[in-house]
Each structure stands twice: as C-alpha cells, then as structure tokens.
Amino acid sequence: MSSSWGDVPSWAYDAAQALMQSLKVVDPGTYAHCLRVGEMSRKLARDAGLNEYEQKLAEFAGIFHDIGKIGVDPEIIGKPGKLDPRELDIMKNHPIMSEQIVRPLANHSFFKELLPAIRGHHERMDGEGYPDKLIGEKIHVLSRVILVVDTYDAMSQTRAYRKGLPDEIVYAELKRCAGTQFDPQLVRIFLQAHKTWNALETDQETFHHLIKKIA
C-alpha cells in the first residue's frame with residue numbers, strides 16, 4: 001500500500017452517489033453488483049489484516065470497479081454466449097474507463113489511491129489479466145482483493161440468462177484458480193471468512209446499509 005493511514009474525505013459518499021447515479025439509471029444490475037463488491041471488498045480487506053483506512057479504500061475501489069461499464073453497450077454486458085473478439089476488446093477496456101471516471105476526484109489523495117486498485121481489478125497473478133498484464137505482487141493488493149469477491153459475486157448471482165451457482169461450486173472454482181488467477185492467500189482467507197460474514201450479518205442487511213449511504 002502506498003499509505004497506511006490517510007484522510008477519508010467527509011464528502012466521499014456524496015461523490016460516490018454522484019458518480020454512481022448514472023450507472024444506476026443505465027444498468028441497475030451492475031450498480032447493485034458494485035455495491036455488493038464494495039461491501040465484500042471491505043470485509044476481505046479487514047479479514048486480511050489491512051487497517052481501517054485501507055479497508056475504506058477497498059470499499060470505495062470495489063464500489064467504483066465496474067463504473068466504466070456505463071460506456072459499454074448493454075447488449076455486450078448482457079450477452080449470454082461467448083463474446084466475439086471485438087466485443088471482448090470493448091469489455092476489456094472497462095477498467096480503464098472506470099479509472100478515467102474517478103480520476104477527476106484524484107486531487108484528493110484518498111481518491112488518487114483508488115486509481116491503481118480500480119484499474120487493476122482484472123489483472124491475474126500469472127500475468128494473463130488485463131489491461132496491463134501485471135504479475136503477482138506487482139498487482140495492487142486491493143485489485144487482488146476485488147478480483148476474488150468480484151468473481152464470487154458474478155458467479156453466485158442469478159442473471160437473466162443463467163442461474164446463480166451455489167457457494168460450494170464457486171468456492172471450488174476460486175480454489176482451483178488460486179495462484180494462477182487469484183492471490184492464493186486472499187482465496188484462503190475468503191474461503192475461511194465468507195461463511196462467517198453470512199452468519200454474522202446477511203449480505204442483504206449490509207447491502208442496504210451501503211445503499212443508504214450512496215443511493
């Protein structure tokens with residue numbers, strides 16, 4: 001992390017609301033996904049031993065990670081089959097667009113620190129991710145946090161074209177890809193902690209808590 005502690009501006013949630021409102025109108029499904037990923041990123045950062053400031057960075061980077069999809073054709077986002085090469089290139093550009101949308105707020109150090117975490121949330125440990133093909137520890141730790149919970153949410157949620165998968169299948173996939181796609185330590189922590197998150201407080205409750213702040 002570039003900074004262990006820092007100042008979270010009092011207007012951070014207001015800024016998030018302003019940025020996310022357009023996404024909510026255009027793609028409410030992605031908006032809801034971003035709020036869930038923000039909440040789970042904060043929890044995984046906490047359980048990985050990151051401090052409260054870093055947990056807040058994780059939450060906001062998670063909220064903003066897919067905001068760039070506002071610039072992607074909804075037919076591509078909702079396509080049930082495999083994307084063709086042109087569609088894949090467009091989709092792979094969304095982390096850069098997410099970074100660009102948040103960048104105007106980067107005159108404040110808190111938002112500046114979010115940028116590499118947002119841009120890198122599809123980087124893989126083996127260097128086969130995008131957009132920069134970073135490898136291992138060169139990937140921002142919060143990008144690695146987001147990728148784990150982002151994948152969990154994407155696989156477990158029911159969409160118009162497919163039913164969500166049960167936790168056991170998602171857990172097995174995370175474990176299978178630990179070390180190649182995912183940070184193995186973060187996968188281990190997630191697999192140990194995720195069930196306790198659900199036991200302590202339902203995802204729906206925490207989701208509504210976050211929605212009150214930014215909706």
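The present account deals with the structure reproduced in this document. Source: prediction; values computed, not measured.

Within the protein chain, the regular secondary structure consists of 11 helices and zero strands. Ordered by position from the N terminus, the helices and strands of the protein chain form the series α-α-α-α-α-α-α-α-α-α-α. For 215 residues, the compact-globule estimate of 2.2 N^0.38 gives 17 Å, and the protein chain sits close to it at 16 Å. Referenced to the eigenvectors of the C-alpha coordinate spread, the extents of the protein chain come out at roughly 40 × 35 × 35 Å. Within the protein chain, the fraction of its 215 residues that count as buried is 51%. Roughly 10300 Å² of accessible area belongs to the protein chain as shown, and the carbon and sulfur atoms make up 54% of that amount.

Ranked by size, the top nonpolar core spans 51 residues in total, and within it Met 20, Leu 44, Phe 60, Phe 64, Phe 111, Leu 114 and Phe 190 carry the most contacts. The element that contributes the greatest number of residues to this core is helix H8 (residues 141-156), accounting for eight residues. Once you skip the residues sitting within four places of it in the chain, Phe 60 turns out to touch Ala 12, Tyr 13, Ala 16, Phe 110 and Leu 114. Val 72, Ile 76, Ile 77 and Met 91 belong to the second largest nonpolar core, which has six residues in total.

With that settled, the discussion passes to helix H9 (residues 167-176). Taken residue by residue, H9 has Val 170, Tyr 171 and Leu 174 as its buried positions. For H9, the arc enclosing every buried residue in end-on projection is 100°, short of the 170-degree limit, so these residues lie on one face. Opposite the buried face of H9, by more than 90 degrees, sit the exposed residues Glu 168, Lys 175 and Arg 176.

This part covers the packing of aromatic side chains. The tally for this structure, following the rule as stated, stands at 12 aromatic pairs. Where Tyr 171 meets Phe 190, the ring centres are 6.4 Å apart and the plane angle is 80°; that geometry is what we call edge-to-face. Linking Tyr 171 in helix H9 with Phe 190 in helix H10 (residues 184-200), this pair joins segments that are 19 residues apart in sequence. No difference in accessibility class separates Tyr 171 from Phe 190, as the two residues are buried. Every member of this aromatic cluster is reached through a ring pair, and the members are Trp 11, Tyr 13, Tyr 53, Phe 60, Phe 64, Phe 110 and Phe 111.

This next bit is on the side chain of Arg 144. Within the secondary structure layout, Arg 144 lies in helix H8. A distance of 2.9 Å separates the side chain of Arg 144 from the backbone oxygen of Ile 139, its partner in a polar contact. Apart from residues no more than four positions distant in its own chain, Arg 144 is found in contact with Met 125, Gly 136, Glu 137, Ile 139, Asp 183 and Leu 186.

Let us now look at the environment of Asp 84. With respect to the element layout, Asp 84 can be found in the loop between helix H4 (74-77) and helix H5 (85-92). Spatially, the C-alpha atom of Asp 84 lies 23 Å from that of Val 26, the residues being 58 residues apart in sequence.

What counts and how
Residues numbered from 1 in each chain as written. Predicted model: local features only at pLDDT ≥ 70, side-chain atom pairs only at ≥ 80, totals over all residues. Heavy atoms only, no water. Helix = DSSP H or I, 4+ residues; strand = E, 2+ residues; numbered from the N terminus. Rg over C-alpha atoms; globule rule 2.2 N^0.38 Å. Buried < 20%, exposed > 50% of the residue type's maximum accessible area, 1.4 Å probe, protein only. Areas by Shrake-Rupley, 256 points an atom, 1.4 Å probe, with all protein chains shown as cover. Core = buried A, V, L, I, M, F, W, Y, C linked by side-chain atoms within 4.5 Å. Contact = heavy atoms within 4.5 Å. Arc of directions from axis to C-beta. Phe/Tyr/Trp six-rings, centres within 6.5 Å; stacked < 30°, edge-to-face > 60°. Polar contact = N/O pair within 3.5 Å; in protein donor to acceptor, adjacent residues only side chain to side chain.

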